[in-house]
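Below, each chain spelled out in residue letters.
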Amino acid sequence: MSNALRRKKKPQFYTAKETRQINQNEFERHNSACLVTKAYKDFVVVGYIILHDKFGFGQKRITRLHNTVNQYLESAVEDKNMSGKALAALLEQKYKIDVNAEVNRVPQRQLMVLYAQKGRVIEREAYRLSGSAMYNYLALTLTALKTQFKMTVKQLNEFVDKFIDYIDTLANFSQYALTVPMIADSLAEETGFVCDFDRR
């Protein structure tokens, strides 16, 4: 077929308003992804220091837990039974640990204080995104602690209680000047395990 007979495609143009909307959506999507990643990594650091302080986890056991949770995350891509939602349902069914109820024990204001950023993520959205990150973190970690480390239900509940106390301290008691980077540095100094997280 000759070029003259080919149907010519019209070039696609966006109006200035449509371009702004596309850029705004991309900006919001990027900020949402960053918030979820930061919140999840913060929760990991807090969890590790609790396991070290309260349950005597050292570098070997923390590394083993870290690798186990990462395997769960990789498996969740292909296997829906390894998703946070499925693992949370299993925890509730087998051990009577309601992950959703535990996440709801953390007041909205605390998560908004920790993760809402002016001009980036609105407070309500910050709560929803960080709450879902906490839900997945607790579902994956509690499952790993129960199956791989044979912790009792009582110990898991103690872990969750201490975790919620840490979130409360980080959000409400600025006079202690406790931050996640300080917790990570303390963990690295005491156990030799270096956490991968965003220091912003």
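Because the structure is predicted, anything quoted here is derived from the model rather than measured.

Participant: Kindly report on the overall build of the chain, identifying the contributing residues and their values.
Facilitator: Counting its regular elements, the chain contains eight helices and zero strands. When its helices and strands are written in sequence order, the chain yields α-α-α-α-α-α-α-α. Here the chain, with 200 residues, has 38% of them falling under the buried criterion. For the chain, contacts bridging at least 24 residues in sequence account for 71% of all contacts bridging at least 6.

Participant: Hey, could you go over the packing of helix 6 (residues 123–149) against helix 7 (residues 153–172) for me, with residue numbers and the actual values?
Facilitator: Helix 7 packs onto helix 6 with a crossing angle of 150° between their chain directions and a minimal axis gap of 11 Å. By the angle between their axes, helix 6 is roughly antiparallel relative to helix 7. Crossing angle aside, the handedness with which helix 6 passes helix 7 is right-handed. Across from M134, Y137, L138, T141, L142, L145 and K146 in helix 6, the residues of helix 7 making contact are V153, L156, F159, V160, F163 and I167. Along the lines of polarity and charge, the residues of the contact of helix 6 with helix 7 split into eleven nonpolar, one polar and one charged.

Participant: Give a description of helix 2 (residues 59–78) that names residues and reports values.
Facilitator: Its 20 residues give helix 2 an end-to-end C-alpha distance of 30 Å, which sits within 8% of 28 Å, the value for a rise of 1.5 Å per residue. Restricting attention to buried positions, one finds in helix 2 the residues I62, L65, T68, V69 and Y72. Viewed end-on, helix 2 has its buried residues packed into an arc of 125°, placing them on one side of the element. More than 90 degrees from the buried face of helix 2, the exposed residues found are K60, Q71, E74, V77 and E78.

Participant: Can you lay out the packing of helix 5 (residues 108–115) against helix 7 for me, pointing to particular residues and giving the numbers?
Facilitator: Between helix 5 and helix 7, the least distance of the axes is 9 Å, while the angle of their chain directions is 55°. Looking at the two axes, helix 5 sits oblique to helix 7. Crossing handedness for the pair helix 5 and helix 7: left-handed. Residue-level inspection shows R109, Q110, L111, V113 and L114 of helix 5 in contact with helix 7, the latter providing I167, D168, L170, A171 and N172. Considered class by class, the residues forming the contact of helix 5 with helix 7 number six nonpolar, two polar and two charged.

Participant: Summarise unusual backbone geometry; cite the residues concerned and give the values.
Facilitator: Of note in the backbone geometry, K96 takes a positive phi value of approximately 60° without being a glycine. Take K96: it is sitting in the loop between helix 3 (84–95) and helix 4 (99–104). The backbone phi angle of K150 is positive, close to 55°, even though this residue is not glycine. By secondary structure assignment, the location of K150 is in the loop between helix 6 and helix 7. Taking the relative accessible area as the measure of exposure, K150 reaches 63% and is therefore exposed.

Participant: I'd like a description of the pattern of salt bridges, backed by residues and values.
Facilitator: Per the stated rule, a full pass over the model turns up four salt bridges. Of the charged contacts, one joins E102 and R105 as a salt bridge, the two residues approaching to 2.6 Å between their closest N and O atoms. You can call R105 partly exposed: its relative accessible area is 41%. Put simply, E125 and R128 hold a salt bridge, and the shortest N to O gap is 2.5 Å. Within this pair, E125 and its partner R128 are both found in helix 6, separated by three residues, close to a single helical turn. The class of E125 is partly exposed, set by a relative accessible area of 25%.

Cut-offs used in this document
Chains are numbered independently. Their residues run from 1 in the order of the written sequence. Given that the model is predicted, a residue must reach a pLDDT of at least 70 before its local features are reported, and side-chain atom pairs must reach 80 or more before they are shown or counted; all residues, however, enter totals for whole chains, interfaces and linings. Only hydrogens and water are removed before side-chain values are computed, so all heavy atoms of the structure are retained for them. Secondary structure elements are taken from DSSP: a helix is a run of H or I of four residues or more, a strand is a run of E of two residues or more, and numbering for both begins at the N terminus. With a 1.4 Å probe rolled over the protein chains alone, any residue whose accessible area is under 20% of its type maximum counts as buried; one over 50% counts as exposed, and the rest are partly exposed. Contact definition: two residues touch when any of their heavy atoms are within 4.5 Å. Under this scheme, a helix contributes an axis fitted over its contacting stretch, all axes are lines through C-alpha atoms, and angles between N-to-C directions fall in the 0 to 180 degree range. Put simply, angles under 35 degrees are roughly parallel, angles over 145 are roughly antiparallel, angles from 65 to 115 are roughly perpendicular, and the rest are oblique. When the near helix sits turned anticlockwise from the far one by under a right angle, the crossing is termed left-handed; a clockwise turn instead gives a right-handed crossing. When residue character is reported, Ala, Val, Leu, Ile, Met, Phe, Trp, Tyr, Cys and Pro are called nonpolar, Asp, Glu, Lys and Arg charged, and the others, Gly included, polar. By this rule the span expected of a helix is its residue count minus one, scaled by 1.5 Å. The reported arc concerns the directions from the helix axis to the C-beta atoms and nothing else. Note on definitions: salt bridges are taken to be side-chain nitrogens of Lys or Arg within 4 Å of carboxyl oxygens of Asp or Glu.

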